[in-house]
Amino acid sequence: MSQAAEIVLKIEGMSCGHCKMSVEKALQAIPGVVSASVDLEKKEALVTGTAARDALVKAVEDVGFDVV
């Protein structure tokens, strides 16, 4: 099994608590994600786990935000 890693995603378009929760929920639904937390001020998500970065980016884009 691969080692859990921390991945930081820069996300554009989030402006409120609802945006933050939508992104966190989408990321946490990805198999292999141990935790996901979004910092609205920094416009980034910190994800811990073994999920592929591509899957995380797709999850964020699927809820309407851009990963930069």
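Residues numbered from 1 in each chain as written. Predicted model: local features only at pLDDT ≥ 70, side-chain atom pairs only at ≥ 80, totals over all residues. Heavy atoms only, no water.

(A) Structural view of helix 1 (residues 17-28). Between the first and last C-alpha of helix 1 there are 16 Å, a value that for 12 residues agrees with the 16 Å anticipated at 1.5 Å per step. Every buried residue belonging to helix 1 is among C19, V23, E24, A26 and L27, and all of these are buried. For helix 1, the angular spread of buried residues about the axis comes to 165°, placing them on one side. Opposite the packed face of helix 1, turned more than 90 degrees from it, sit the exposed residues H18, M21 and K25. Buried-residue contacts for helix 1 involve strand 1 (5-12), strand 2 (33-39), strand 3 (44-49) and helix 2 (53-62). (Helix = DSSP H or I, 4+ residues; strand = E, 2+ residues; numbered from the N terminus. Expected span 1.5 Å × (residues − 1). Buried < 20%, exposed > 50% of the residue type's maximum accessible area, 1.4 Å probe, protein only. Arc of directions from axis to C-beta. Contact = heavy atoms within 4.5 Å.)

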